[in-house]
Structures are given as C-alpha cells and as structure tokens.
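Coordinates in review
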Amino acid sequence: MHEFAQGRMHHAHLITGPKGIGKATLAFRLARHILSSGAQSQTLEEAPSFSLFGDEPVAPKMAEKASIAGDVDSPIFKRIASGSHADLLTLSPAYDAKKQVEKNLITVEEARQVPSFMSLTPAEGLWRVVIIDAVDQLNTQAANALLKILEEPPAKAILFLICHRPGAVLPTIRSRCRQLKLQPPDAAAFSTILGQIAPSIETHEYAALYALAQGSPGHAITLYEDEGLKWYEGWLAAMMPDASAETRQKFADSVAQVKAPATWAVIMHGWRLAMQRISLHPHGDDDAPIFRREAQMLAAIAERLNPEARAAWLEAGNTLIAQTETFHLDKRQSIRLLMSPEQLAMMAA
C-alpha cells in the first residue's frame, strides 16, 4: 500500500491467480484499508500517517511495511463485511434461487452500476471502491460497459478486478489495469491455512488435496466436500486402455446422476487435471502424487498416444465440456466420449 500512502495508487487492479487462493480476501482487505484511511483523514495529504493496524499512527516512511489485516472489531470492518458501506460496491454473479446455485455470468445491467457508482462523490470519506468477483465472468456486453470507466477513470475511485483466468478477459481491460499476480502457497503454508479454515479435514489428507487442488486452499475444501479424489481416481480408471466396458459404464452412470452444478464442476476439474498430467507425461514426473497408483495409471494412458494426439484429446474434450454445459447435452454420453480419445476425435471431425 506504499503507492496509496503516497497518493498515486493506480485506478484499476487486476488480481489474478488460481481460484481459491485468497484473491477476494486481498481485495476486501485493500478496500477496508482505503476506505478506513479516507474516513479518518479528510485530505489526501493526511493519508500517509494513517495506520493499517487501526488507531496507532504510522510514519509515512513505514507505511509500506504495515499489515492490511485490519481490525475485525472496527465499525468499518463490520459494515464492509455486511455490505452496508456506502462507498463500496461489490459485483458478482447473481444467485439463482430456483436452481440454488450462483449464475455463471455477470450481466450488462449489473455491470452498468460500476460507472455510475464510481462517478459519484464519496459519501463517507475520500474514496469509492468497486470489487468485481470475478471479471472473467462478465459477458461481452458487460465487459464493454466497463471499458469506458477504465479509459476515463474518475478521481478518488479505485477498482479491484478479481480474475481466475486472465486469458478470458478482454485485452483492452487487461491493458488498462495494473496486475497483481498471486501464487498458491507452498505445501507447508497450505497445511497451516487448511488447519485454520477447515479443521475437520484430517491432516493425512492434506498432501493429496494439495496436489488435487494445485495448491489452492479454497478449492481444496470444495474438492474435499464433493469427493474430488474419488472422481479423479474414477476418471483414470475409466481412461485406462484395458478398462472394461462395465467400468466405463458404471463411471458414466454415476456422473449422469449428479444434479448439483458444484459437483459437476469438481468432476470436470478431475478430467482436466488428469488430461494435464497425461499431456505432460513423462515431463510431469516432479508433480506430487495424488494417490498411490496414479503414476502407473497416467503412464499407461499417456504412452499409447503421441503428444499431438494427447493435445487434440484435451482440446476436443474442453470443447465438448463447454457444449455440454451450454446446451445441456446428455452428461452420460459426454462422459463416455471424454474417456475415449478415438471417439472424441471422430465426433470432432
């Protein structure tokens, strides 16, 4: 926050990294600091002396070393957490009460709130802050609605764009933002975080979850709750060259029974992770194993195909998954195709 303390913070930040590693947490902590600073100092010149810790002042030269954790008992902290702060706007996909799931996209009507909100005079202090979670969920019209405010940003307004997949964001948006790239924690930090936020998970499961979630604590909890390890093992068993028709049929039937979109997403994560490891074989040997026989199974699946065929399998499969989700295709049939590169190639042709 050194740039903020010096009064020259960029107007838009793209916070990137894998899902579940704390991007939204960082955005809200930054927002709390900015809004708290504005509330306590009525001129920008006074802002450097405000403490990130709460009441104790910080010398300007030390501002960049302070923590952004904030005081959980402060009124501003509580109002931001409850969504009642007048100078903070948060935008995320609406909740579909009928299907009991979060929608996939942020619409243009929702995105149009951002320019009008940022153009207003701050109600409580010096700044207005917008958090969009996540910018890669803006549809094309919504993304275009955001561009004008990025091209001509108003004074005293800061935008934090949370982003899971930078490649899915319009280049014109990326180019107008300063990127903050977050990396997953290492295995030791992952274990500490998981122990704090999910104490019900046994420690002996941490290593498998770390590899399965690719280091993301938040995603690890989702995978644990929806039996991600079971689905991942199921994929590899069904993709084995010598897998029986019964094994493949049983797996396809079990997936077809899944109704919850969150569980479907976990199952598809299992396929993508399996394909990622298959595609990299044998160069991914440094990857931590997820279960005991995984390395042998990956080798058996990968070695019957050349690298080009594996890449084509991955590309065609991702296309099929997108079509299945968009057009509500038969899940059972899609799963059968995803197991077989030969059948998938025939369909793609």
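In this text the structure is predicted, and so the values were computed from the model without any measurement. Sequence order as written defines the numbering, with residues in each chain counted from 1. Totals for whole chains, interfaces and linings use all residues, but because this is a predicted model, local features are given only for residues with pLDDT of at least 70 and pairs of side-chain atoms are given and counted only at 80 or more. Water and hydrogen atoms play no part in the side-chain values, which are based on all heavy atoms of the structure.

Quick notes on the packing of aromatic side chains
- Any two rings among Phe, Tyr and Trp, with Trp reduced to its six-membered ring, count as a pair given centres within 6.5 Å; such a pair is stacked if its planes are under 30 degrees apart, edge-to-face if over 60, and tilted if neither. In total, this model carries four aromatic pairs according to the counting rule given.
- With a centroid separation of 6.0 Å and an interplanar angle of 75°, the aromatic rings of Tyr232 and Phe291 are classed as edge-to-face. With Tyr232 in helix α11 (residues 228–239) and Phe291 in the loop between α13 (261–280) and α14 (294–302), this residue pair connects regions lying 59 residues apart in the sequence.
- Under the relative-accessibility criterion, Phe291 is labelled buried at 13%.
- Centre to centre, the rings of Trp235 and Phe251 are 5.0 Å apart; their planes meet at 65°, and the pair counts as edge-to-face. Strands are runs of DSSP state E lasting at least two residues, helices are runs of H or I lasting at least four, and both sets are numbered from the N terminus onward. Three exposure classes are used, based on accessible area relative to the maximum for each residue type with a 1.4 Å probe and protein chains only: buried under 20%, partly exposed in between, and exposed over 50%.

Digging into the packing of α11 against α14
- Where α11 meets α14, the closest approach of the two axes is 9 Å, and the angle between their N-to-C directions is 40°. Classified by the angle their axes make, α11 and α14 are oblique. At the point where α11 passes α14, the crossing takes the left-handed sense. Residues Tyr232, Leu236, Ala237 and Met239 of α11 form the contact with α14, whose own contacting residues are Glu294, Met297, Leu298 and Ile301.
- Basically, the charged four are Asp, Glu, Lys and Arg, the nonpolar ten are Ala, Val, Leu, Ile, Met, Phe, Trp, Tyr, Cys and Pro, and anything else, Gly included, counts as polar. Across the contact of α11 with α14, the residue classes break down as seven nonpolar, no polar and one charged. Axis angles are defined between N-to-C directions and span 0 to 180 degrees, where every axis is a line fitted to C-alpha atoms and, for a helix, only to the segment in contact. Working rule for angles: under 35 degrees goes down as roughly parallel, over 145 as roughly antiparallel, 65 to 115 as roughly perpendicular, anything else as oblique. By definition, turning the near helix anticlockwise from the far helix through less than a right angle yields a left-handed crossing, and turning it clockwise yields a right-handed one. Note on contacts: a residue pair is in contact if any heavy atoms of the two residues lie within 4.5 Å.

Considerations on the confidence of the model for the chain
- Averaged over every residue, the pLDDT of the chain is 87; the share at 70 or more is 85%.
- Note on scores: pLDDT gives the predictor's confidence for each residue, bounded by 0 and 100. The low-confidence segment residues 40–66, where pLDDT is below 50, has 37 contacts with residues more than four positions distant or belonging to other chains.

Describing the nonpolar core
- Here, nonpolar core means buried Ala, Val, Leu, Ile, Met, Phe, Trp, Tyr and Cys residues that are tied together by side-chain atoms lying within 4.5 Å of each other. Judged by nonpolar contacts, the single largest core of 49 residues is most densely connected at Leu194, Tyr232, Trp235, Ile335 and Leu338.
- Setting aside residues no more than four positions away along its own chain, Leu338 makes contact with Trp235, Met268, Trp271, Trp313, Gly317, Leu320, Ile321 and Leu344.
- Residues Ala111, Val114, Leu138 and Ile173 belong to the second largest nonpolar core, which totals 28 residues.

A look at the pattern of salt bridges
- Think of a salt bridge as a Lys or Arg side-chain nitrogen and an Asp or Glu carboxyl oxygen that are within 4 Å of each other. Tallying each qualifying case throughout the model produces nine salt bridges.
- The residue Glu152 makes a salt bridge to Lys148 at a minimum N-O spacing of 3.7 Å.
- Residue class for Glu152 comes out exposed when judged on its relative accessible area of 53%.
- In this structure, Glu342 and Arg304 form a salt bridge, with 3.2 Å as the shortest nitrogen-oxygen distance. Placement of the pair is Glu342 in helix α17 (residues 341–348) and Arg304 in the loop between α14 and α15 (307–327), with a sequence separation of 38 residues.
- Classification of Arg304 by relative accessible area gives partly exposed; the value is 33%.

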